[in-house]
Amino acid sequence: PNNPQSGSNPGGGGAGHGNNEDPSNTTITNPIPCYKVNADCPELVVKDPCEKLNDLIQDDTANNGLVPNIKPTLENLKTTLSQPGENGAQFKKNNGSYSNVNLPATTGNSISITAGGDSYGAAHTHPFSTFPMFSWSDVYTLFNLHWHSEADIKGDVTFILIAYPTLASAQPNVYSITVDNFNAFRSKINANLNAIVAERKDLTMTSPLKDKIEALNEKLGEEYRADTNYEKVFLEQFGDHNISMYKANEDITDWSELELNESLGTVFETPCN
């Protein structure tokens, strides 16, 4: 496989907008009315991200589907990282019952994620041919997952990435991104889309959404090629987007928030427990 630093694909993975312009064939179900009319929705009470993420990895000891129990799914996805395409899983909650559904493996650098209805999150892998960090389209997937989810599960929304940090790494990294303030996040997403049109002569405001997303993926890929401290680059690019990034420990029993010390230019971890 190609080294991610020099691969032609900037990040891969994730989902898009869910219409005919969607770069990864996302299915959208039951969009929330306030977003359909492009109005601000009231911010919901959100769980503390550490509490939310640790709830997600609880063991379902009673085997009754009343806890998310995503850890076995994440461990299984770790075993697929040598495959040339992406693998993933969808996380769902329906009438208080949780389920994790494996997605069909792909042969390329994207995977279809369903946003809307009872889907509160997803996990996916990045193969060696892509960067071991979230792409811009991955961030847009988080946006869609939150945007289109039912009101009672918005507090649970997360998007997870599993990837080897280098070709020589013995253990993959497991990352999660979550939304802090959706209305502010949405403003940043719109600003990114408008800015790339202003920067690129081959784009206009009427260009297909997929072309704008591809351009933003390419731009972020250039940043990753210039600095292989991928965590640092991601936090530099999205630190003002009202989202947070977390990293699981090796056996996925706890998470740490990743934050950027701008004066030192380093990333520090704050364990949840």
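All values reported here derive from a predicted model rather than from experimental measurement.

Caption draft 1: Region of interest: the pairing of strand β8 (residues 243-248). With 6 of 6 residues buried, β8 is to be regarded as a mostly interior element. Neither face of β8 is open: one carries I243, M245 and K247, the other S244, Y246 and A248, and all of them are buried. Summarising the sheet, strand β7 (residues 173-179) and β8 pair through 5 bridges and their orientation is antiparallel. Among the inter-strand pairings, I177 is bridged to a residue of β8, identified as M245. Sheet topology places β8 next to strand β9 (residues 255-261); 4 bridges connect them, and they run antiparallel. Residue A248 lies in a different strand from β9, and its bridge partner there is W255.

Caption draft 2: Broad picture of the side chain of T158. On the secondary structure map, T158 appears in strand β6 (residues 158-163). Under the relative-accessibility criterion, T158 is labelled buried at 0%. Every residue in contact with T158, bar those within four places of it in the chain, is listed here: L53, L56, Y120, G121, A122, L142, L145, S176, I177 and T178.

Caption draft 3: How the structure looks around the state of the cysteines. Taken as a whole and judged by the stated rule, the model has 1 disulfide. Each sulfur in the disulfide pair C50 and C272 lies 2.0 Å from the other. Sign of the S-S torsion, about -70° for the bond between C50 and C272, identifies this disulfide as left-handed. Taken together, the positions of C50 in helix α2 (residues 49-56) and C272 in the segment after β10 (266-271) put the pair 222 residues apart, joining distant regions of the chain.

Caption draft 4: Here's a closer look at the packing of aromatic side chains. In the structure shown here, the tally under the stated rule is 15 aromatic pairs. For the pair F134 and F234, a centre-to-centre distance of 5.7 Å together with 50° between the ring planes defines the contact as tilted. In this pair, F134 sits in the loop between β5 (119-125) and α4 (136-148) while F234 sits in helix α7 (residues 230-238), placing the two residues 100 residues apart along the sequence. Exposure remark for F134: the relative accessible area of 0% places this residue in the buried category. Residue F234 is classed as buried on the basis of its relative accessible area of 2%. Aromatic side chains Y140 and F143 sit 5.4 Å apart centroid to centroid with 25° between the ring planes, which places their arrangement in the stacked category. In this pair, Y140 and F143 are both assigned in helix α4, 3 residues apart and thus about one turn of the helix distant.

Caption draft 5: Molecular detail of the packing of helix α6 (residues 209-226) against α7. At a minimum axis distance of 9 Å, the contact between α6 and α7 shows a crossing angle of 140°. Judged by the angle between their axes, α6 and α7 are oblique. Seen from above, α6 lies across α7 with right-handed handedness. Of α7, the residues touching α6 (which contributes L220, E223 and Y224) are Y230, V233, F234, Q237 and F238. Considered class by class, the residues forming the contact of α6 with α7 number 6 nonpolar, 1 polar and 1 charged.

Conventions and cut-offs
Positions within a chain are numbered from 1, following the residues in the order the chain's sequence is written. Local features in a predicted model are, by the rule used here, given only for residues with pLDDT of at least 70; side-chain atom pairs are given and counted only at 80 or more, and totals for whole chains, interfaces and linings are based on all residues. The basis for the side-chain values is all heavy atoms of the structure; hydrogens and waters are excluded. Exposure is judged per residue with a 1.4 Å probe applied to protein chains only, and the accessible area is read against the type maximum: over 50% gives exposed, under 20% gives buried, and values in between give partly exposed. The helix count covers DSSP runs of H or I at least four residues long, the strand count covers runs of E at least two residues long, and both are numbered beginning at the N terminus. A pair of strands is considered paired only if DSSP assigns at least 2 bridges between the two. Residues count as neighbours in contact if any of their non-hydrogen atoms are within 4.5 Å of one another. We call a pair of cysteine sulfur atoms a disulfide when they lie within 2.5 Å. Between 30 and 60 degrees the pair is tilted, below 30 it is stacked and above 60 it is edge-to-face, where a pair is any two Phe, Tyr or Trp rings, Trp via its six-membered ring, whose centres lie within 6.5 Å. Axis lines are fitted through C-alpha atoms, for helices just across the contact stretch, and the angle between N-to-C directions can take any value from 0 to 180 degrees. For classification purposes, an angle smaller than 35 degrees is called roughly parallel, one larger than 145 roughly antiparallel, one from 65 to 115 roughly perpendicular, and anything else oblique. For any pair of crossing helices, the crossing counts as left-handed if the nearer helix is rotated counterclockwise from the farther one by less than a right angle, and right-handed if it is rotated clockwise. Amino acid classes used here: Ala, Val, Leu, Ile, Met, Phe, Trp, Tyr, Cys and Pro are nonpolar; Asp, Glu, Lys and Arg are charged; the rest, including Gly, are polar.

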